[in-house]
Amino acid sequence: MFTHITQSPYGTVKLAEKVAQRIREGTVVCLEGNLGAGKTLFVQSMARTLGVQGEVTSPTFNLMNIYEGFCPIVHFDLYRLQDEEELEDIGFYEYTDFPEGIVFIEWGEKFPDSLPDDYVKIEIERLKETRNMRRITFSCVGEEHVEFLKELEEFVTSED
């Protein structure tokens, strides 16, 4: 686990770009944070770095967007879902159990028992001192991404 502080939305974008440079196909990324914390900005920045052309929007109302970049990118927003049965209806498990490309999940903490056994967790917290600063904490659930997280920490902190 490691934490990085960004000073502005631009800093958050640059951090997301660095993460995108190192992320591997087959990775599921769960983003946690309050409304307006910057989860969608983080995904948008990573998607652009991963070659997505055009607008990357929050799938709040349609629950899932699929983008083509250097690899397929699936972006879920589970905020509006009320129960786990709805995950089946949107094809959630088809994309998360054996991911091809990269899967981003916003609000996955609503259904912790439905998340895959292994994923990267990015928690974005708005700091009270200033409205633009963010504390971004990276961790992993399961053992699959432990080495990736170590490499990512080295890469992110080496260029500060």
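Rules and cut-offs
- Residues numbered from 1 in each chain as written.
- Predicted model: local features only at pLDDT ≥ 70, side-chain atom pairs only at ≥ 80, totals over all residues.
- Heavy atoms only, no water.
- Helix = DSSP H or I, 4+ residues; strand = E, 2+ residues; numbered from the N terminus.
- Buried < 20%, exposed > 50% of the residue type's maximum accessible area, 1.4 Å probe, protein only.
- Polar contact = N/O pair within 3.5 Å; in protein donor to acceptor, adjacent residues only side chain to side chain.
- Phe/Tyr/Trp six-rings, centres within 6.5 Å; stacked < 30°, edge-to-face > 60°.
- Lys NZ or Arg CZ within 6 Å of the ring centre and 35° of its normal.
- Pairing = 2+ DSSP bridges.
- Axes fitted to C-alpha atoms, helices over the stretch in contact; angles between N-to-C directions.

A. Spatial organisation of the environment of Gln82. Relative to the elements of secondary structure, Gln82 occurs in the loop between β4 (72-77) and α3 (85-89). Exposure remark for Gln82: the relative accessible area of 63% places this residue in the exposed category. Separated by 3.3 Å, the side chain of Gln82 and the backbone oxygen of Arg80 make a polar contact.

B. Broad picture of the packing of aromatic side chains. Inspection of the entire model under this criterion finds 6 aromatic pairs. Aromatic pair Phe42 and Phe138: ring centres 6.4 Å apart, planes at 55°, arrangement tilted. Taken together, the residues span a long stretch of sequence, with Phe42 in helix α2 (residues 39-49) and Phe138 in strand β7 (residues 134-141) at a distance of 96 residues. Owing to a relative accessible area of 0%, Phe42 belongs among the buried residues under this scheme. According to the relative accessible area criterion, Phe138 is buried, its value standing at 0%. Here Phe76 and Phe92 contribute two aromatic rings whose centre-to-centre distance is 5.0 Å and whose plane-to-plane angle is 65°, an arrangement assigned as edge-to-face. Here the residue Phe76 occupies a position in strand β4, and Phe92 occupies one in helix α4 (residues 92-96), the gap between them amounting to 16 residues. Classification of Phe76 by relative accessible area gives buried; the value is 0%. Of the aromatic side chains, those joined through ring pairs into one cluster are Phe76, Phe92, Tyr93 and Tyr95. One residue, Arg22, lies across the ring of Phe155, its end atom 3.9 Å from the ring centre. Across the ring face of Tyr79, the terminal group of Lys110 is positioned such that the distance to the ring centre comes to 6.0 Å.

C. Fine view of the sheet that holds strand β1 (residues 2-6). The strand order β1-β7-β6-β2-β5-β4-β3 describes an open sheet built from 7 strands, whose pairing is mixed. What marks the edges here is a single partner per strand, and that holds for β1 and β3 (64-68). The average angle at which neighbouring strand axes cross in this sheet is 20°, direction not considered. Inspection of the sheet shows β1 paired to β7 by 5 bridges, in the antiparallel sense.

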